Structures are given as C-alpha cells and as structure tokens.
Amino acid sequence: MAVKIRLARHGAKKRPYYRVVVADSRAPRDGRIIEEVGRYNPMTAPKTINLDLEKIADWQSKGAQLTDAVAALVKAANEGDRDRRQEVQEAARQRGRGR
C-alpha cells in the first residue's frame, strides 16, 4: 500500500480550508483517510498552519511520501518554529541587558 501525506479540501465554495491527512494514494482526495495530522487555512491573514510534526515524521519513517504542497507546509512550519525560538532568545537577551 502506497501511503501519502496530502491535503484534503474542506469548507465552502471559494472558502477552502485543508486537512493534512495520511491516506492511501489510490483513495480519492477527500475520501477515506488513515489519520489526520494537521490543518491549513489559507483564508486567514496570516495563513494558519497547524501541523503535528512528530506524527508526520513518524509516518515518513514508515515510508509515507509527502506531496509537494505538504512538503512546502512542513518547511514553512519548521521555519516558523525556528523564528519563534529566535524571538524568544532575543527577548531573553534584551531582558538580560536591561538589568
């Protein structure tokens, strides 16, 4: 069974949001899924990306393939986490200087 981590479209017409799901590659886009591992809402400002990166890594270790769209979301989520860590470290440095 070829397993993919891909987007499943939900929402109303012209108001999409997506679930990041693990599914058999032969299943329909919005059909049977194995597990939901995240959500993506492109309609909010800024775009909302909620991913369980541990589950995604676990599925990848089992042989699941990321689609191009999900790979881009994972990359953006990783960069966002790195940016948040840098902001926290910078704030800590600023507090240390103020003493």
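Our subject is the structure listed above.
As the structure is a prediction and not an experimental result, all values here were calculated from the model.

Engineer: Would you explain unusual backbone geometry in this entry?
Structural biologist: A negative phi angle is the norm for most residues apart from glycine, just as the trans form is the norm for most peptide bonds. Cis geometry is found at the peptide bond from Ala45 to Pro46, where omega equals -5°. Residue placement: Pro46 occurs in the loop between strand 3 (35-41) and strand 4 (48-51). Of note, the phi angle at Lys14 is positive, near 65°, even though the residue is not glycine. Among the secondary structure elements, Lys14 is positioned in the loop between strand 1 (3-12) and strand 2 (15-24). Judged by its relative accessible area of 69%, Lys14 falls in the exposed class.

Engineer: Explanation requested: the pattern of salt bridges in the structure shown.
Structural biologist: Across all of its chains, the model carries 6 salt bridges by this definition. Across the pair Asp24 and Arg26 runs a salt bridge whose closest N-O atoms are separated by 2.9 Å. The network of salt bridges with common partners includes Arg19, Glu36 and Arg39.

Scoring rules and cut-offs
Residues numbered from 1 in each chain as written. Predicted model: local features only at pLDDT ≥ 70, side-chain atom pairs only at ≥ 80, totals over all residues. Heavy atoms only, no water. Helix = DSSP H or I, 4+ residues; strand = E, 2+ residues; numbered from the N terminus. Buried < 20%, exposed > 50% of the residue type's maximum accessible area, 1.4 Å probe, protein only. Salt bridge = Lys/Arg side-chain N within 4 Å of Asp/Glu carboxyl O.

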